[in-house]
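Here's the letter readout for the chains.
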Amino acid sequence: MGRASRGGRPDDSWPARLGRGRRRAGPCHEAGQSEPGQPGTLRRHVTRLSGYFLPTEREPPADAEALSHKLMVRAGLIRQVGSGLWSWLPAGWRVHQRIVEIVREEMNAIGGQEMLMPVLHPAEPWRRSGRYGIDELFKLKDRRGADMVLAMTHEEIVTGHVAAAVRSYRDLPLILYHFQVKERDEPRPRAGVLRTREFVMKDSYTFDRDADSLDVAYQKHVIAYDRMLDRCGLEWYRVESDVGMMGGLGAHEYMAPCAAGENEVAIAPGYAANVEVATADAQPVQLPHRLDAPEPVPTPGMTTIEAVATALSVPAGALLKAFPVIVDGDRMSLVMLRGDHRVNEVKLRSALRADFRPAHPDEVAERLGPPGFIGPVGAEMPILLDRAVMPGPYVTGANAPDEHLRGVEPGRDFAYETVDVRSVVAGDTVAGGTIRIEPAIEVGNIFKLGTRYSEPLAARYLDESGREQLIWMGCYGFGPARAAAAAVEQYADEQGISWPRVIAPFDVELVGLGRPGSDERALAERLYAELRETGLEILYDDRDAGPGEKFADAELLGCPLRLTVGRRTIGAGEIEVQVRRGRESRTLPLQGTAEAVAELWRTLP
RNA sequence: CGGGGCGUGGCGCAGCCUGGCAGCGCGCCUGCUUUGGGAGCAGGAGGUCCCGGGUUCAAAUCCCGGCGCCCCGACCA
């Protein structure tokens, strides 16, 4: 890699920049024309808007809903090719590549070794790992009829390489990663680049001797991910997440809160978890007085919590909701939770340590009673009681038509096992702190795989005593496109995008007003040359267009600084600089403008 | 996979119900004017009306079939 000098960089804390000595695969083109830099210095971009492919639109596409979708299309960053399939136009790709470069640096910093694996795979390793049946996996045949797949991740392949090459504990640990396109036949692509069928992902894989060593690799990724998210300028949370169908030993997701997010995150001081797995203390509920024994009450036609609670003048939380499930296809269990709570199927699945489905109405009728009136008293099946149900008298179904029971007390009136299977809600508490729930987009995840892949793919090594051992693995994903979209969502305003400065397509947009050939334009040209000397990346709006159009386009694209060269200020020996975030303007003296701009840029968020 | 909606010039849309010259705004091209918040005047280019079939003297419009795209839900190693 031609690691060019970074002399003259305005920010040495950010060593690598787009467009410099990149030699990786992928369609990363230099933007605009290039001018030869001085020997040993950066190759600088000469990017004049008059010749740059940045098709902005005044109106968002009619079918766009999410803010990032609308703005990224309007700003000329992305264009749609098909459902969940997007092209990145030059300015958009610059953003993407800046994020990629940050991720690459942080991966290298923890000892990651970059490589590249193909997108097209033979089906065989996927059959071996047991993932060939996944619906989201694109499957195809080659001309000879051999089954092929388009990779959604690369566990099978990378594990195969390691299995073939690693013999000894001395070959471990390893951190291998690549940036590669992933293909997923998503049931429903949505929201621009937020959920697509094809996207670039950084995925890394760690290979270790044992669980403790895997912990170390995992912890390295926590550090790297924390840093890359910070550097990208995103607001983010690292949250506990579900280990999913793959099983696994632990997992976290990196979530960027934003309105278009598809996930819900429960956040309290010192706590953050995906709502799918979040645990919290429920808000208390006022229970009625106790009874010596359950007492039937007529509830004709009242099959909902609301109807029964209203009729009996008790809060919904004073009822117990019964959720009958069929576990592993045959056994029925009854899950009981407070009437004002909802079953969390992800948590229930892990509590059961088995797959389940809700029981059908006829199964309910046969084993318990009429649906809408079922309860735990007299039920001959395992009863799982959510831990938010405090001791006391509750109203439950009576397993008889049009009848409920009141004064039902867990333990006295039915036996149970305690589980934690409810979805937390805003207002619950964790260690005294109140939970709020925010939508968020998952930009990265880290996952302890254990031996999930090393076993079927026979990735083993010999330990010090010559015994064969399975390799312990972890996998770690990061989506630059989602990070970019999340940044758009988090910082956009009425005028458009407002990039964090390190991932902006350009550092500065220079707007030359006046007619081509005017004094302003001559000054703008001179300033353009000076600015480039500072190492900043400049987009120069040299179009023959009105000021309104130029300002609007600049604010839509969202570069952190906008310089305006116009008659109004040059008479006073000044030029105007606008900070995009907040849109506040100030003037800088014409003398030493470029250095002052670089100085200002360094202070931006 | 269930529900809803849409497909007409580059973008946003009207026209469809009630069949009869394919329109509007923005953008684009040329000229002149204009140059600190999407400017004005004049002239101009650009459309297999998603595709196929049917009905009809005549289909963007009615009928049948298909394809594509969006939204909600389900789903999302």
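Remember, predicted model here, so these are calculated numbers, not experimental data.

So, how was this worked out
- Residues numbered from 1 in each chain as written.
- Chains lettered and ligands numbered in written order.
- Predicted model: local features only at pLDDT ≥ 70, side-chain atom pairs only at ≥ 80, totals over all residues.
- Heavy atoms only, no water.
- Helix = DSSP H or I, 4+ residues; strand = E, 2+ residues; numbered from the N terminus.
- Areas by Shrake-Rupley, 256 points an atom, 1.4 Å probe, with all protein chains shown as cover.
- Domains from an automatic or database assignment.
- Contact = heavy atoms within 4.5 Å.
- Buried area = accessible area lost by both parts, 1.4 Å probe.
- Salt bridge = Lys/Arg side-chain N within 4 Å of Asp/Glu carboxyl O.
- Buried < 20%, exposed > 50% of the residue type's maximum accessible area, 1.4 Å probe, protein only.
- Polar contact = N/O pair within 3.5 Å; in protein donor to acceptor, adjacent residues only side chain to side chain.

Quick look at the overall build of chain A
Per the secondary structure count, chain A includes 13 helices and 33 strands. Overall, the C-alpha framework of chain A stretches about 95 × 65 × 45 Å when taken along its three principal axes. Working note: accessible area of chain A is about 26,400 Å², and carbon and sulfur atoms make up 50% of it.

Regarding unusual backbone geometry
Excluding glycine, residues mostly carry a negative phi; peptide bonds, for their part, are mostly trans. Following Leu172, the chain continues into Pro173 via a peptide bond in cis, with omega recorded as 0°. Along the polypeptide, Pro173 turns up in the loop between helix H4 (155–165) and strand E9 (174–183). In this model, Ala191 sits at a positive phi of 55°, which is unusual for a non-glycine residue. Among the structural elements, Ala191 can be located in the loop between E9 and strand E10 (198–208). Backbone geometry at Asp402 places phi at a positive 55°, although glycine is not the residue there.

What about the domain arrangement of chain A?
Splitting chain A by domain gives domain 1 (33–59 + 506–602), domain 2 (67–234 + 446–488) and domain 3 (295–419). Taken over C-alpha atoms, the centre of domain 1 sits 38 Å from the centre of domain 2. The interface of domain 1 with domain 2 comprises 14 residues on the first partner and twelve residues on the second. A buried area of about 1,100 Å², summed over both sides, lies between domain 1 and domain 2, and 55% of it is on carbon and sulfur atoms. Taken together, the links from domain 1 to domain 2 amount to two salt bridges.

A word on the side chain of Thr299
On the secondary structure map, Thr299 appears in the loop between strand E15 (295–298) and helix H6 (305–312). The class of Thr299 is buried, set by a relative accessible area of 0%. Within the structure, Thr299 has its side chain in polar contact with the side chain of His404 (distance 2.7 Å). For Thr299, the residues in contact, after removing those within four places along its chain, are Val308, Phe373, Asp402, Glu403 and His404.

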